[in-house]
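# Structure assessment
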Amino acid sequence: MQRRDPGVRIAAPITFHTPAHLNHRPTVAPPPHPLILIGQACPVSEPASRDAHPHSATLRRLENSSGKLAAAAISRMDATLPWYRAMPPENRSWIGLVAQAGIAAFTEWFRHPETPQAISTDVFGTAPRELTRAITLRQTVEMVRTTIEVMEAAIDDVAAPGDESVLREALLVYAREIAFATAQVYAQAAEARGAWDARLESLVVNAVLSGEADEGAVSRAAALGWNAPEHVCVVLGTAPDGDSELTVEAIRRAARHAKLQVLTGVLGSRLVVIAGGSDNPLKAAKALIGPYAAGPVVAGPVVSDLLAATRSAQAAAAGLRACAAWPDAPRPVLADDLLPERAMASDPVAREQLVEEIYRPLEEAGSALLETLSVYLEQASSLEGAARMLFVHPNTVRYRLRRVTDVTGWSPSDVRSAFTLRIALILGRLADGEAQL
């Protein structure tokens, strides 16, 4: 600090240095806070003699009054700003230094008005990182406005006789410039924050899709506003050409309209959406389908949380690969509706699911159901033909087929379901045969 008058100190810019033992770079580095941006270094003009200044008397009085002006600004903040009163004493003391630094920066600017420099550069240089995280844009504006108002009210006392209009005009220009500078750095910080959030979101989406989701991914998702909904599913499709940021924003708009939480990203040629808040994956996929490019869109099964979303993502990815085998598949389509194609494409999860959810329940329900279903499918879905082969009445066949539907959820009379049931029977018999070897 430089001493201008006994008992009055002018705050000099303080540069924050990170201790060496804390100088470790995280995997994803967050963007700097706007106030840190405001406090970056800038060119400083060479000091000049005060007596050579055209308004040297006003300059001396301004320097000598900086301490009183800072104290008056802090007093007004305490009286008019509730958020300032609610702050811890340590933060309030740092804000006092920030106010004094702002007055000192105005003094320096008044000394060299012709020198191009970033007016707001040193205003927040005295603030530690902890304080910059605690002050919002609104609070920053209120703090600057209060300090400017105090300085404006003191113009008649600070300015030398005849310099009142000069000092007032200088203060107005300074207030305008610092307002524009503050808005600019907050806008830059918002852009940096958006880019950082996009990168963080891509990490979460990629972790879920690759099966590497862990508690770290959950923490990153929480930082992005993910509120851990009870129902989660993953929707996959082809990403459209063009700006991926526009695609992501379109997904967000659709999600807000459908009241869904989403984590989304464009990974290569695929548009991946992790949707939370709906227990109906097909409904969620239909709500989000607009931004997808032409082609299949597959929704994975609903799971309980983000960690389990890997299972939904893998099912959706396998379904997307297998969609070529079902050209007439609806859009969107459930991954579970593509089980036979996935099984034929060597998806072990689909094979196991067909055996465990169709073949095993039928086996446990009795050999009559398995036999009837097998004969019915072999007889081209003919009730009479199956009845003749089984030596039973057609109504018995009809009753057993209804039982198959009740047990498996798939209707043998539906062509698509019959295909799924046939694949399940084949895989189940193969599994039994391998078990006997």
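Residues numbered from 1 in each chain as written. Predicted model: local features only at pLDDT ≥ 70, side-chain atom pairs only at ≥ 80, totals over all residues. Heavy atoms only, no water.

### Looking at the overall build of the protein chain
Within the protein chain, the secondary structure is distributed over 18 helices and seven strands. Counting only residues that meet the buried cut, the protein chain has 46% of its 437 residues in that class. In the protein chain, 70% of the contacts between residues at least 6 apart in sequence involve partners at least 24 apart. As presented, the protein chain carries roughly 22600 Å² of accessible surface, and 53% of it is formed by carbon and sulfur atoms. (Helix = DSSP H or I, 4+ residues; strand = E, 2+ residues; numbered from the N terminus. Buried < 20%, exposed > 50% of the residue type's maximum accessible area, 1.4 Å probe, protein only. Contact = heavy atoms within 4.5 Å. Areas by Shrake-Rupley, 256 points an atom, 1.4 Å probe, with all protein chains shown as cover.)

### Topic: the nonpolar core
Formed by 28 residues in total, the largest nonpolar core has its most connected members in Leu-354, Ile-358, Leu-362, Leu-373, Leu-377, Val-397 and Leu-421. Not counting residues up to four positions away in its chain, the partners in contact with Leu-377 are Ala-418, Leu-421, Arg-422 and Leu-425. If you look at the next biggest cluster of nonpolar residues, it comprises 27 residues, including Trp-226, Leu-236, Val-272 and Cys-323. (Core = buried A, V, L, I, M, F, W, Y, C linked by side-chain atoms within 4.5 Å.)

### Regarding a negative patch on the surface
Taken together, the side chains of Glu-212, Asp-214, Glu-215 and Asp-305 define an acidic patch exposed on the protein surface. Residue Glu-212 is classed as exposed on the basis of its relative accessible area of 56%. (Patch = residues over 30% accessible without salt bridge, like charges linked within 9 Å, V, L, I, M, F, W, Y side chains within 5 Å. Salt bridge = Lys/Arg side-chain N within 4 Å of Asp/Glu carboxyl O. Lys, Arg positive; Asp, Glu negative; His and termini not counted. Charge placed at Lys NZ, Arg CZ, Asp CG, Glu CD.)

### With respect to empty space enclosed by the protein
On inspection of all chains with the given rule, the structure shows two cavities of 30 Å³ or more. The space that makes up the second largest cavity amounts to roughly 50 Å³. If you trace the second largest cavity, you find it lined by Leu-62, Leu-69, Phe-106, Met-151, Ala-154, Ile-155, Val-158, Leu-167 and Leu-171. Those elements giving two or more residues to the lining of the second largest cavity turn out to be helix 2 (56-80), helix 7 (155-158) and helix 8 (164-210). Across the lining of the second largest cavity, the residue classes tally to nine nonpolar, no polar and no charged. (1 Å grid on protein atoms, 1.4 Å probe; cavity = no way out; pocket = protein on both sides within 12 Å on 5 of 7 lines; lining within 4 Å. Points joined across faces, edges and corners; volume = space filled by probe spheres on them. Nonpolar A, V, L, I, M, F, W, Y, C, P; charged D, E, K, R; others polar.)

### So, the confidence of the model for the protein chain
Residues with a pLDDT of 70 or more make up 81% of the protein chain, whose mean pLDDT is 81. Confidence drops under pLDDT 50 across residues 1-29; counting only partners more than four residues distant or on other chains, this segment forms 42 contacts. A low-confidence stretch, residues 32-48 stays under pLDDT 50, and its non-local contacts, those more than four residues away or across chains, total 40 contacts. (pLDDT = per-residue confidence, 0-100.)

### Quick look at the sheet that holds strand 3 (residues 232-238)
Reading across the sheet, the five strands line up as 4-5-3-6-7 and stay open at both edges, with mixed pairing between neighbours. Looking along the sheet, the strands with just one partner apiece sit at the ends: strand 4 (261-267) and strand 7 (333-334). Where strand 3 and strand 5 (residues 270-276) come together, seven bridges link them in antiparallel fashion. Within strand 5, the position partnered with Thr-238 by the bridge is Arg-270. Contacting strand 4 and strand 5, helix 10 (residues 244-258) crosses the sheet at an angle of about 160° to strand 4. (Pairing = 2+ DSSP bridges. Axes fitted to C-alpha atoms, helices over the stretch in contact; angles between N-to-C directions.)

### Considering the pairing of strand 3
For strand 3, the tally of buried residues reaches six of seven residues, placing the bulk of the element in the interior. With three bridges joining them, strand 3 and strand 6 (residues 297-299) adopt antiparallel strand pairing. Paired with Leu-236 across the bridge in strand 6 is Val-298.

### Regarding the packing of aromatic side chains
Throughout the structure, instances matching the rule amount to three aromatic pairs. For the pair Phe-106 and Phe-110, a centre-to-centre distance of 6.2 Å together with 40° between the ring planes defines the contact as tilted. Pair noted here: Phe-106 and Phe-110 are both in helix 4 (residues 89-111), with a separation of four residues, about one helical turn. The exposure class of Phe-106 is buried, given its relative accessible area of 2%. Grouping aromatic residues by their ring pairs yields a cluster made of Phe-106, Phe-110 and Tyr-174. Taking NZ or CZ as reference, Arg-416 lies 3.5 Å from the ring centre of Trp-326, over its face. (Phe/Tyr/Trp six-rings, centres within 6.5 Å; stacked < 30°, edge-to-face > 60°. Lys NZ or Arg CZ within 6 Å of the ring centre and 35° of its normal.)

### Comments concerning helix 2
Side chains three or four residues apart in an α-helix point the same way, a direct result of the helix having 3.6 residues per turn. For helix 2, built from 25 residues, the straight-helix expectation of 36 Å at 1.5 Å per residue is met to within 8% by its first-to-last C-alpha distance of 34 Å. The principal kink in helix 2, of about 50°, is found at Ser-65. The set of residues buried in helix 2 consists of Ser-56, Thr-58, Leu-59, Leu-62, Glu-63, Ser-65, Ser-66, Leu-69, Ala-70, Ala-73, Ile-74 and Met-77. (Expected span 1.5 Å × (residues − 1). Bend = angle between axes of the 7 residues up to and from the residue.)

### Observations concerning the pattern of salt bridges
Oppositely charged side chains can form a pair if their charged atoms are brought close together. Summed over all chains, the structure comprises eleven salt bridges. A salt bridge links Arg-342 to Asp-347; its shortest N-O distance comes to 2.9 Å. Taken individually, Arg-342 and Asp-347 each receive the classification buried, so the pair is uniform in this respect. Each of Glu-63, Glu-108 and Arg-111 takes part in a single network of salt bridges with overlapping partners.

### Digging into the pairing of strand 4
Of the pairings in the sheet, the one linking strand 4 to strand 5 comprises seven bridges and is antiparallel in character. Bridge pairing links Val-262 to Ala-275 in strand 5.

### Overview of the environment of Pro-330
Looking at where Pro-330 falls in the secondary structure, it is placed in the loop between helix 12 (309-322) and strand 7. For Pro-330, a relative accessible area of 42% puts it in the partly exposed group. C-alpha of Pro-330 to C-alpha of Pro-296: the two residues are 34 residues apart in sequence and 8.0 Å apart in space.

### As for the packing of helix 2 against helix 6 (residues 137-153)
Where helix 2 contacts helix 6, the axes come no closer than 9 Å and their chain directions differ by 125°. Compared by their axis directions, helix 2 and helix 6 come out oblique. Regarding helix 2 and helix 6, the two cross each other, and that crossing is right-handed. Together, Leu-69, Ala-72, Ala-73, Arg-76 and Met-77 of helix 2 and Met-143, Thr-146, Thr-147, Glu-149 and Val-150 of helix 6 make up the contact between the two elements. Here the contact of helix 2 with helix 6 is composed, by residue class, of six nonpolar, two polar and two charged. (Parallel < 35°, antiparallel > 145°, perpendicular 65-115°, else oblique. Left-handed = near helix turned anticlockwise from the far one by under 90°.)

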